[in-house]
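Notes for the structure review
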Amino acid sequence: MKKPRFIISGGGTGGHIYPAVAIANELKSRFPEAEFLFVGAKDKMEMQKVPQAGYAIKGLWISGIQRKLTLDNAMFPFKLLSSMWNSFRIIKSFKPDVVIGTGGFASGAVLKVASMLHIPTVIQEQNSYPGITNKLLAKKANKICVAYENLERFFPKDKMILTGNPVRQDLINEASKSEAIAYFKLDANKKAILVLGGSLGARRINQLIEKELDFLLSQNIQVIWQCGKLYLNEYTKYNDRENVQVVAFIDKMDLVYAAADIVISRSGASSVSELCIVGKPTIFIPSPNVAEDHQTKNAKAISDKKGAILIKESELETQFETVFSDLISNENKQAELSQNIKKLALPNATKQIADEIIKLIK
């Protein structure tokens, strides 16, 4: 086979960037001589994260449509034309064999132009309710790799493959709990609660934990609280409390999952996929402020199968303490949630997605 060339586009959030990098790493392990080019949105986090992962990236002048009237919205048609023209120039220059999109507005422009130029395209849809970009691109895509069942109402059935979402490879092999307890300097006799707000943190979850911290600690537990870099200055003072660790970001996710007995988390696609693999009893608190309310739909897809507990932000005041008390005191309930969420895991996603991409190389 000739030296393959891949363009990968996805960004705006860690949930789009991480799968893109994971797919690139898998393809690179199979084709060490392959050439890769990422395309993202200027001023978004992919412009830093992708080079940190060792790949070249070009930025497009593109952003999403806001829900209210803004100057950005008025500029959208110009941004779209600019990003389409620049995508055309990038594709013509790089000459990819396959173009892969993991979501976000930059990937929309790149995949649209690639399909117009008859270059094979692959969509990787992370959520149980697809975003508008991927729904618009689906008809022309060659393959659509999905993480949830029953997406036929959004995508052509003959193009869909249920693969799951790429997850960090170190999560596939479970880390040792004793090593994790030692690493985080935890008390082996207390249950550990892990609080996750996503890569940037979550204001409402942080507010909840601050308000409920005395209640949580009264349950004889310890808390690892990932508050996000935007909020660290606000919450770092709680590191003075016994049995509380507040951090902006966690590098050793394999160890922190191994240490955790219960997880309180947002329900972005990557988080949900990881929690299925590690099989931890989980309380999902979806963000209501994301496109198509997809976090609620992701969490519901798991809670409907009795694999997690879902509490809406609007119900936290009335439900959180009751739900948490019931869960922490009920070992059988914890075991049931753990078993059920693990049944939904798809640990070979990255390999399967790479298999589908490779089939399209001419």
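As the structure is a computational prediction, the values presented were derived from the model and not from experiment. (Residues numbered from 1 in each chain as written. Predicted model: local features only at pLDDT ≥ 70, side-chain atom pairs only at ≥ 80, totals over all residues. Heavy atoms only, no water.)

**Details of the overall build of the protein chain**
Within the protein chain one finds 14 helices and 13 strands. Rg of the C-alpha trace for the protein chain: 21 Å, near the compact-globule value of 21 Å for 362 residues, within the 12% margin. The principal-axis extents of the C-alpha atoms in the protein chain amount to approximately 60 × 45 × 35 Å. Within the protein chain, the fraction of its 362 residues that count as buried is 56%. At a minimum sequence separation of 6, the contacts of the protein chain that also span at least 24 residues come to 64%. Roughly 16800 Å² of accessible area belongs to the protein chain as shown, and the carbon and sulfur atoms make up 52% of that amount. Averaging the positions of the 48 positive and the 37 negative side-chain charges in the protein chain gives two centres separated by 9 Å. (Helix = DSSP H or I, 4+ residues; strand = E, 2+ residues; numbered from the N terminus. Rg over C-alpha atoms; globule rule 2.2 N^0.38 Å. Buried < 20%, exposed > 50% of the residue type's maximum accessible area, 1.4 Å probe, protein only. Contact = heavy atoms within 4.5 Å. Areas by Shrake-Rupley, 256 points an atom, 1.4 Å probe, with all protein chains shown as cover. Lys, Arg positive; Asp, Glu negative; His and termini not counted. Charge placed at Lys NZ, Arg CZ, Asp CG, Glu CD.)

**Overview of the environment of Lys191**
Of note, Lys191 is situated in strand 8 (residues 191-196). Overall, Lys191 belongs to the partly exposed group, its relative accessible area being 21%. Each C-alpha atom of the pair Lys191 and Ile361 lies 50 Å from the other, and the pair is 170 residues apart in sequence. At 3.1 Å, the side chain of Lys191 and the side chain of Gln334 are in polar contact. (Polar contact = N/O pair within 3.5 Å; in protein donor to acceptor, adjacent residues only side chain to side chain.)

**A look at the environment of Val146**
For Val146, the position within the fold is in strand 6 (residues 143-146). Residue Val146 is classed as buried on the basis of its relative accessible area of 2%. As for Val146 and Ile100, which are separated by 46 residues in sequence, their C-alpha atoms are 13 Å apart. When sequence neighbours within four positions are dropped, the list of residues in contact with Val146 reads Glu125, Leu151, Phe155, Met160, Ile161, Leu162, Thr163 and Gly164.

**Things to note about the sheet that holds strand 8**
A sheet is described by the order of its strands in space; here six strands give the open sequence 10-9-8-11-12-13, paired in parallel fashion. If you trace the sheet from one side to the other, it starts and ends with strand 10 (244-247) and strand 13 (309-310), each paired once. In terms of strand pairing, strand 8 meets strand 11 (residues 262-265) through four bridges, oriented parallel. Considered in strand 11, the bridge of Val195 is made with Ile264. Packing of helix 12 (residues 316-328) onto the sheet brings it into contact with strand 8, strand 9 (221-226), strand 11, strand 12 (282-284) and strand 13, and relative to strand 11 it is tilted by some 155 degrees. (Pairing = 2+ DSSP bridges. Axes fitted to C-alpha atoms, helices over the stretch in contact; angles between N-to-C directions.)

**Concerning the packing of aromatic side chains**
Summed over the entire model, instances satisfying the criterion amount to 11 aromatic pairs. Ring centres of Trp85 and Phe88 lie 5.7 Å apart, and the angle between their planes is 20 degrees; on these two criteria the pair is classed as stacked. Of this pair, Trp85 and Phe88 both sit in helix 3 (residues 71-94), separated by three residues, roughly a single helical turn. Between Tyr129 and Phe154, the aromatic rings sit 4.9 Å apart at their centres with planes inclined by 70 degrees, giving edge-to-face as the arrangement. (Phe/Tyr/Trp six-rings, centres within 6.5 Å; stacked < 30°, edge-to-face > 60°.)

**A word on helix 1 (residues 14-30)**
Helical geometry: 3.6 residues make up each α-helical turn, so side chains three or four residues apart lie on a common side. Under the 1.5 Å per step criterion, the end-to-end length of helix 1 is 24 Å for 17 residues, consistent within 8% with the ideal 24 Å. Where helix 1 is concerned, the buried positions are Gly14, His16, Ile17, Pro19, Ala20, Val21, Ala22, Ile23, Ala24, Glu26 and Leu27. (Expected span 1.5 Å × (residues − 1).)

**Some remarks on the sheet that holds strand 7 (residues 160-162)**
Read across the open sheet, the seven strands follow the order 3-2-1-4-5-6-7; overall the sheet is parallel. Every interior strand has two partners, whereas the edge strands, strand 3 (57-60) and strand 7, have only one. Sheet twist, expressed as the mean angle between neighbouring strand axes with direction ignored, is 20 degrees. As defined by bridge partners, strand 6 adjoins strand 7 across three bridges and the pair is classed as parallel. For Ile144, the partnering residue across the bridge sits in strand 7 and is Met160.

**Let's talk about a nonpolar patch on the surface**
Taken together, the side chains of Phe105, Ile132 and Leu136 define a hydrophobic patch exposed on the protein surface, amounting to about 320 Å² of accessible area. Tracing the backbone shows Leu136 in helix 5 (residues 132-137). A relative accessible area of 68% means that Leu136 is categorised as exposed. (Patch = residues over 30% accessible without salt bridge, like charges linked within 9 Å, V, L, I, M, F, W, Y side chains within 5 Å. Salt bridge = Lys/Arg side-chain N within 4 Å of Asp/Glu carboxyl O.)

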